[in-house]
2 protein chains.
Amino acid sequence: MAHTGTKTDGTQSRVTADALERFCRDVFAAAGADTPTADAATCAMMHGSRLGIDSHGVRLLEHYVKALTHGRVNPKPKLNLTQKGDAAATLDADDAHGALAAYTAMEEAVKLAQSAGLGAVAIRDSSHFGPAGAYAHAAAEAGVIGIAMCNSDSFVRLHEGAQRFHGTNPIACAVPVPGERPWLLDMATSAIPFNRIQLYKSLGQKLPPGTASRTDGGDTDNPAEAEMLAPLGGKFGFKGAGLAGLVEIFSAVLTGTRLSFEIAPMFGSDFSTPRGLGAFVLALKPGAFVDEKAFADGMTRYLAALRGSTARAGGTVLAPGDREWAEADRRAVEGIPLDPATLEAFRRLADRFGIEMPRGADA
Amino acid sequence: MAHTGTKTDGTQSRVTADALERFCRDVFAAAGADTPTADAATCAMMHGSRLGIDSHGVRLLEHYVKALTHGRVNPKPKLNLTQKGDAAATLDADDAHGALAAYTAMEEAVKLAQSAGLGAVAIRDSSHFGPAGAYAHAAAEAGVIGIAMCNSDSFVRLHEGAQRFHGTNPIACAVPVPGERPWLLDMATSAIPFNRIQLYKSLGQKLPPGTASRTDGGDTDNPAEAEMLAPLGGKFGFKGAGLAGLVEIFSAVLTGTRLSFEIAPMFGSDFSTPRGLGAFVLALKPGAFVDEKAFADGMTRYLAALRGSTARAGGTVLAPGDREWAEADRRAVEGIPLDPATLEAFRRLADRFGIEMPRGADA
């Protein structure tokens, strides 16, 4: 069972967050990334891997190394922040890793919000965004409300459309809550992500209704004939498509960068040309609108009412983020699971750069 | 066929926008509202009636008159704007009509955005919001991007929930487009509005799947047993519920006002107690992030690509607002239709205040 990621007892390899983080940083450094890049990219992937959002977790490491070493992503970028008003700035990211651009932009948005009440930064010439929630979360950790969004290469049809038009165009929002982890919404504006189709295909299962379409735009529940994703909302997909449009306008039009259908595919063969992605972040200081204590009490009261509300039979009522924070608690104890393909990639990287595998991943 | 709103030839009464607007203003004035209140309330209702959003159109006139004359809404409010930062302000609306509060707040947000790049105003002690798109649209008319949102009395369950928790909590966003009407998204975060259930009931039709629930939270397609609405997204209703939560946090927690389940029902019997609603508006100046011409060109290019994209068989691809602007063009020529109940209410108001009915409504 060597090199499969599954131990001989049938369990998956699990590693501690610390060991995983160390490995990612070492790999990035060995691949030629500067420290800010290694820190930001690791931090964003670890957000995904800690919270159970594995599609945006450490499985991206090998992909990022390829992008950083082949010219698509600049391993030593010179980021250029320009303030354009008391609450507005732009960030020319010099083809930086998307996480470095997004964390840098959010840090600036938070500063603007601390002085002006709110702040926003339009990002251009960036690359793969990673988990939108990571950057919103960074704002909440600093005590303010954060919103982060990004367009991406086309996978999603319009309402009644028959071609890939928008990306999955995620929106994330994080709100600080006293004494606990933030309220954290992180959602694609499609019903499901594209890798869910691959998962259903490998499991031989039908797709949920209204989530994917054939090449003619008609609905399909067969993952093998799914050519594009449907916008969130099914019959009311004009709402999901409208939200995707909002993200598109903020991330591409307001940054002067590429529309989703103009973006080179993330997994395309060209790893030497920068993809020129845009993104947008916004921060709001609660104390600029209402007494800080009233805001904190309000969040506590709202969340207590929500979590205490009646669920339907067999269901559970959760606030955005509750599922992810519970998974983070579990993983803090049990370790972070590594799927076979990721473990295989780690072995390649460890060999190539002469770096020790994270402890626990060597079964 | 007198007093039914349907002419003897079977057609509905239609009136011009000008005649309708004059009638509304005269009624508000006669009911004791000051000019700013009459102007704002008329303007917001006319947005609904012009664009075909009749649930938020002039059918609300009699309801508003009752609220203004019984103490729920202050007919001569003293609004108090307080700037809290270069980009942030609050508006204490003194129980004003919701449209006066929202237009006033958006006007201030636009001013802040013009100087600081963006601006936001938290509204408190307001009343029924009306069409969220009207206020976002006002920002776009001033050349900036506008976002408006409001929570409202509980009608919508949480994902997997079995009680009314959030309101239909709409979000609207309007973006200026050179040479044409704004891109205009105006959506409830529930799949359908509550009055759609009443419509399906009166038509004897089944509800679309995943839009409404029985008292136990289970799905129903029978409008007669629909006790609550489902959040947008069906199986992925955690996204709709998350967006409703975002609106709730911005409109209620960030304004220090009531959560949806604490708000007295709009159509409850108490018309003498102010409802103390909160709301939130945000404006962004495109030129603070990107060259104004690049933004304008980008919107034109994006919309041309969207409208020119392939539709599926029998479908039509539209940008947010396209359907509503086309309806506005139709109504500008054919007049605005008045349903029988609204026409009946107009007759009562005309009699009561000694005001002439709008021309065309007297068939």
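Residues numbered from 1 in each chain as written. Chains lettered and ligands numbered in written order. Predicted model: local features only at pLDDT ≥ 70, side-chain atom pairs only at ≥ 80, totals over all residues. Heavy atoms only, no water.

Caption draft 1: Spotlight on the overall build of chain A. The helix and strand tally for chain A stands at 10 helices and 11 strands. Relative to a compact globule of 363 residues, whose C-alpha radius of gyration would be 21 Å, chain A shows 21 Å and is just as compact. Principal axes of the C-alpha set define a box for chain A whose edges measure 60 × 45 × 45 Å. Classification of the 363 residues of chain A by burial places 59% in the buried group. Considering only contacts in chain A between residues 6 or more positions apart, those separated by 24 or more positions represent 66%. In chain A, which carries 36 positive and 41 negative side-chain charges, the distance between the mean positions of the two groups comes to 3 Å. (Helix = DSSP H or I, 4+ residues; strand = E, 2+ residues; numbered from the N terminus. Rg over C-alpha atoms; globule rule 2.2 N^0.38 Å. Buried < 20%, exposed > 50% of the residue type's maximum accessible area, 1.4 Å probe, protein only. Contact = heavy atoms within 4.5 Å. Lys, Arg positive; Asp, Glu negative; His and termini not counted. Charge placed at Lys NZ, Arg CZ, Asp CG, Glu CD.)

Caption draft 2: Spotlight on the relation of the copies chain A and chain B. Rotating chain A by 180 degrees and moving it 0.0 Å along the rotation axis overlays it on chain B with an RMSD of 0.0 Å. Each copy turns onto its partner about a two-fold axis. Of the C-alpha atoms belonging to chain A, the one lying closest to the rotation axis is found on G233 of chain A, 2.2 Å away. Of the interface residues in chain A, 100% have counterparts in chain B that sit at the interface too, so the contact is made through matching surfaces. (Least-squares fit on C-alpha atoms with pLDDT ≥ 70 in both.)

Caption draft 3: Inspection of the packing of helix α7 (residues 237–253) of chain A against helix α8 (residues 292–307) of chain B at higher detail. Relative to each other, α7 of chain A and α8 of chain B sit at 140 degrees, their axes nearing to 10 Å. In terms of orientation, α7 of chain A lies oblique with respect to α8 of chain B. Pair α7 of chain A / α8 of chain B crosses with right-handed handedness. Contact residues: α7 of chain A offers G245, E248, I249 and V253 of chain A, while α8 of chain B offers F295, G298, M299 and Y302 of chain B. Classifying every residue of the contact of α7 of chain A with α8 of chain B gives 5 nonpolar, 2 polar and 1 charged. (Axes fitted to C-alpha atoms, helices over the stretch in contact; angles between N-to-C directions. Parallel < 35°, antiparallel > 145°, perpendicular 65-115°, else oblique. Left-handed = near helix turned anticlockwise from the far one by under 90°. Nonpolar A, V, L, I, M, F, W, Y, C, P; charged D, E, K, R; others polar.)

Caption draft 4: Main features of the interface of chain A and chain B. At the junction of the two partners, chain A supplies 84 residues and chain B supplies 84 residues. Carbon and sulfur atoms supply 71% of the area that chain A and chain B bury against each other, a total of about 6,400 Å² over both sides. Applying the counting rule to chain A against chain B returns 4 salt bridges. R301 of chain B is the salt-bridge partner of E262 of chain A, the closest N and O atoms lying 2.1 Å from each other. There are 27 residue pairs in polar contact (both at pLDDT 80 or more) connecting chain A and chain B. Looking at the side of chain A that touches chain B, the element that brings in the most residues is α7 of chain A, giving 9 residues. (Buried area = accessible area lost by both parts, 1.4 Å probe. Salt bridge = Lys/Arg side-chain N within 4 Å of Asp/Glu carboxyl O. Polar contact = N/O pair within 3.5 Å; in protein donor to acceptor, adjacent residues only side chain to side chain.)

Caption draft 5: Spotlight on the pairing of strand β3 (residues 88–92) of chain B. Residues and elements named next belong to chain B. With 4 of 5 residues buried, β3 lies mostly within the body of the structure. With 5 bridges joining them, strand β2 (residues 80–85) and β3 adopt antiparallel strand pairing. Paired with T82 across the strands is T90, a residue of β3. Counting the residues between successive antiparallel strands, the hairpin from β2 to β3 contains 2 residues. (Pairing = 2+ DSSP bridges.)

Caption draft 6: Inspection of the sheet that holds strand β3 (residues 88–92) of chain A at higher detail. Residues and elements named next belong to chain A. Taken in spatial order, the 7 strands make up an open sheet running β2-β3-β4-β10-β5-β6-β7, and their pairing is mixed. With partners counted over all chains shown, the strands left at the sheet margins are β2 (80–85) and β7 (180–187), one partner each. Each strand of the sheet is rotated relative to its neighbour by a mean of 15 degrees, with strand direction disregarded. Along the sheet face, helix α4 (residues 98–116) touches β2, β3, β4 (118–126), β5 (145–150) and β10 (277–284) and points at about 160 degrees away from the line of β4.

Caption draft 7: Structural context of unusual backbone geometry. Residue and element names in this part refer to chain A. Positive phi values are uncommon outside glycine, yet D95 reaches one of about 60 degrees. Within the element layout of this structure, D95 appears in the loop between β3 and α4. Backbone geometry places E160, a non-glycine residue, at a positive phi of 65 degrees. You can see E160 is positioned in the loop between β5 and β6 (171–177).

Caption draft 8: Main features of the pairing of β3 of chain A. All names here are of chain A. Across 5 bridges, β3 lies against β4 in parallel orientation. Its bridge partner being in β4, T90 is matched across the sheet by A122. Crossover β3 to β4 through α4 is right-handed. (Right-handed = clockwise from strand over helix to strand, strands pointing away.)

Caption draft 9: Structural context of the pattern of salt bridges. Going through the model one piece at a time under the given rule, you end up with 41 salt bridges over all chains. Measuring nitrogen to oxygen at the nearest pair gives 2.8 Å for the salt bridge that ties E21 of chain A to R25 of chain A. With a gap of 4 residues between them, E21 of chain A and R25 of chain A both fall in helix α1 (residues 17–30), about one helical turn apart. The closest approach of N and O atoms between R312 of chain A and D219 of chain B, which form a salt bridge, is 3.2 Å. Here R312 of chain A, found in the loop between α8 (292–307) and α9 (322–334), pairs with D219 of chain B, found in the loop between β8 (212–213) and β9 (228–229), and the two come from separate chains. Three or more residues are tied together by salt bridges with common partners; here these are E21, R25, D39 and R50 of chain A.

Caption draft 10: Looking closely at the sheet that holds β3 of chain B. Residues and elements named next belong to chain B. Taken together, 7 strands build an open sheet; the order of strands is β2-β3-β4-β10-β5-β6-β7 and the sheet is mixed. Each edge of the open sheet carries a strand with a single partner, namely β2 and β7 (180–187). Sheet twist, expressed as the mean angle between neighbouring strand axes with direction ignored, is 15 degrees. In the sheet, strand β4 (residues 118–126) pairs with strand β10 (residues 277–284) via 7 bridges, with the strands oriented antiparallel. Residue pairing across strands places I123 opposite A279, the latter belonging to β10. Its contacts with the sheet put helix α5 (residues 132–141) on β5 (145–150), β6 (171–177) and β7, and the angle it makes with β6 is roughly 25 degrees.

Caption draft 11: Focus on the environment of V281 of chain B. Residue and element names in this part refer to chain B. Among the structural elements, V281 can be located in strand β10. Taking the C-alpha atoms as reference, V281 lies 10 Å from A89; in sequence the two are 192 residues apart. Those residues in contact with V281, other than ones at most four positions away along the chain, are A105, M106, A109, G119, A120, V121, I123, I147 and A148.

Caption draft 12: Broad picture of the environment of L246 of chain A. Relative to the helices and strands, L246 of chain A is located in helix α7. In this structure L246 of chain A touches M149 of chain A together with C173 and W183 of chain B, once residues within four positions along its chain are discounted.

Caption draft 13: Quick peek at the packing of aromatic side chains. The tally for this structure, following the rule as stated, stands at 16 aromatic pairs over all chains. Between F165 of chain A and F261 of chain A the ring centres are 5.2 Å apart and the planes differ by 40 degrees, which places this aromatic pair in the tilted class. With a gap of 96 residues between them, F165 of chain A in the loop between β5 and β6 and F261 of chain A in the loop between α7 and β10 connect regions that are remote in the sequence. On the basis of relative accessible area, F261 of chain A is assigned to the partly exposed category, the value being 35%. Geometrically, the ring pair formed by F23 of chain B and F346 of chain B is tilted, given 4.8 Å between the ring centres and 35 degrees between the ring planes. (Phe/Tyr/Trp six-rings, centres within 6.5 Å; stacked < 30°, edge-to-face > 60°.)

Caption draft 14: Inspection of helix α5 (residues 132–141) of chain A at higher detail. All names here are of chain A. Within α5, 8 of the 10 residues are buried, which leaves it mostly tucked inside the rest of the structure. Taken together, the buried positions of α5 are occupied by A132, G133, A134, Y135, A136, H137, A139 and A140. Buried residues belonging to α5 abut α2 (35–51), α4, β5, β6, β7 and α9. One or two residues past the end of α5 sits G143, with phi positive at roughly 90 degrees.

Everything listed here is a matter of coordinates, which is why it stays silent on function.
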